[in-house]
Amino acid sequence: MARSSCAYLEHVTDTFGIRPHLRLGHEVLRMEWDAEALRWEIETGRGRFSADVVVSATGPLSDPKIPDIPGLADFPGKVFHSARWDHDYDLTGKRVAMIGTGASAIQIVPAIQPLVGKLTLFQRTPPWVMRRMDRAISGPERWLHRAVPVTGTLRRGLLWGIRELQVGAFTKHPNELGLIEKLAKANIAKAIKDPALRAKLTPSYRIGCKRILLSSTYYPAVAQPNVDVVASGLREVRGSTVVAADGTETEVDAIVFGTGFHVTDMPIAERVVGAEGKTLAATWKGGMEALRGATAVGFPNFMTVIGPNTGLGNSSMILMIESQLNYMADYLRQLTLLTSSGRGGRAALAVRPSAVGVWNRKVQARMERTVWKAGGCESWYLDANGRNTTLWPGTTGEFRKETRQVDLSEYEVVRAAEPAPAEKGRAASRKKEAAQ
């Protein structure tokens, strides 16, 4: 029987005894490194905590990004982001503006098109959309994988291998994506008969430069009579009228933003204060960078899951996360060994600026040849300086090799300052008094 995502998480939580260690409803407001105690002091909305090591796993696709649109605050209708959907608002018969044409929009448009009275899609840049080649796993196949488990392993290995072989076209030879582009154009031609609409929906950049989207229902929905595609972004809102950059005016009852997330400027970075008293956001002002996507300069014992340059354009992020967790496990092992070594005392690992510099230069040099940089588009993969600080320019196998273990030469071992003899005596006295 299929298990829902929520039920699966509940199952894992109880199976591995995680529940007693969870603190739900505790929004992290601020984290600050205590250089003397070698601890992170954490302030949440429901109390304070301290930790030897902090792992930030907030994810880059978590904080919605709504553009600053003049007049939006005075819009009399309903406004919400795709990631903060208002399930209490009934779209039936409403005039709806959908802002954006990314991965969220191609799922939302087919879902709401049959319900709404009128749907106006504001599109700054059309995406490349391929048909979703998906099907249910048949009963005989499931029986085979249960009876002969190695067949399931082989199947997953084959799918992974195919993805790995495709990486070169994205990262080294973007022109090899031409055949895929022709298939995508054929998909548009088959679904969209109106030449004017087809022209609006056909991208002018190399496929793969922006995320390739998979849907068999998006184009049929867009072609319906109650859908209007405005090939322009939203410029302003005047009362209940939304105005596009090309001057198109449309009366709407609701505005749905599918405008992505704060990826290269993650809000959590504003709440993390490192060893030098600077926030992570200030440290990354010129662009995010972290050794192997995990550790940033000035932030000892702080690790990020799905950090800079760990995203993928054509394979499973689970593979990247698993690699980072392997690296994290070795990081914790190294810390444990350092703390329990003959020298004793608390210890921390602070990544060396030189190591981060070498790693980042290598990644960015490889990035120049990729379709994400040379494909002729602007995307959320790029930061304000035009650097791709989001994606990994290689295979998942390469990344697994790079994160197999921690190289201590890339880190400085920081130890807690040994207290003076007089302070030791006072501490012993306080301990004795507390025991009495």
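What comes next concerns the included structure. Throughout, residues of each chain are indexed from 1 in the direction in which the sequence is written. Local features in this predicted model are restricted to residues of pLDDT 70 or higher, and side-chain atom pairs are both shown and tallied only at a pLDDT of 80 or more, whereas totals for entire chains, interfaces and linings draw on every residue. As a rule here, side-chain values cover all heavy atoms of the structure and leave hydrogens and water aside.

1. Details of the sheet that holds strand β15 (residues 272-273)
Ordered in space as β3-β2-β1-β15, the four strands form an open sheet in which the pairing is mixed. Pairing within the sheet leaves two strands with one partner each, and these edge strands are β3 (47-51) and β15. For two strands to count as paired, DSSP must find a minimum of two bridges between them. Secondary structure elements are taken from DSSP: a helix is a run of H or I of four residues or more, a strand is a run of E of two residues or more, and numbering for both begins at the N terminus. As judged from the two bridges shared by strand β1 (residues 28-34) and β15, these two strands associate in the parallel manner. Looking at β15, one finds that Glu32 is bridged to Val273.

2. Observations regarding the pattern of salt bridges
Should the charged atoms of two oppositely charged side chains come close, the side chains can pair. Take a side-chain nitrogen of Lys or Arg and a carboxyl oxygen of Asp or Glu: if they are within 4 Å of each other, that pair is a salt bridge. Taken as a whole, this structure holds 23 salt bridges when the rule is applied. Of the charged contacts, one joins Glu27 and Arg271 as a salt bridge, the two residues approaching to 2.8 Å between their closest N and O atoms. In this pair, Glu27 is assigned in the loop between α1 (5-15) and β1 and Arg271 in the loop between β14 (254-257) and β15, connecting sequence segments 244 residues apart. Burial classes follow relative accessibility: with a 1.4 Å probe on protein chains only, a residue under 20% of its type's maximum area counts as buried, one over 50% as exposed, and anything between as partly exposed. When its relative accessible area of 46% is taken as the criterion, Glu27 is described as partly exposed. A salt bridge links Lys78 to Asp86; its shortest N-O distance comes to 2.7 Å.

3. A few points about the packing of aromatic side chains
Pairs were defined over the aromatic rings of Phe, Tyr and Trp, the Trp ring being its six-membered one, requiring ring centres within 6.5 Å. Orientation was assigned from the angle between planes: stacked under 30 degrees, edge-to-face over 60, tilted for the rest. Inspection of every chain in the model, using the stated rule, returns 10 aromatic pairs. Pairing Phe80 with Trp85 gives two aromatic rings, centres 4.8 Å apart and planes at 70°, and the pair type is edge-to-face. Its relative accessible area of 5% is what places Phe80 among the buried residues. With relative accessibility at 25%, the residue Trp85 sits in the partly exposed group. Members of the aromatic cluster, connected to one another through ring pairs, are Trp33, Trp40, Phe299 and Phe302. Over the ring of Trp392 we find Arg366, and its NZ or CZ is 5.6 Å from the ring centre. In this scheme, the term charge over a ring applies when either NZ of a lysine or CZ of an arginine sits within 6 Å of the ring centre and within 35 degrees of the ring normal.

4. Some remarks on helix α10 (residues 353-367)
By this rule, a helix spans an expected 1.5 Å times one less than how many residues it contains. In a regular helix each residue adds 1.5 Å, so 15 residues correspond to 21 Å; α10 covers 21 Å between its end C-alpha atoms and thus fits that length. Those residues of α10 not exposed but buried are Ala355, Val356, Gly357, Trp359, Asn360, Val363, Gln364 and Met367.

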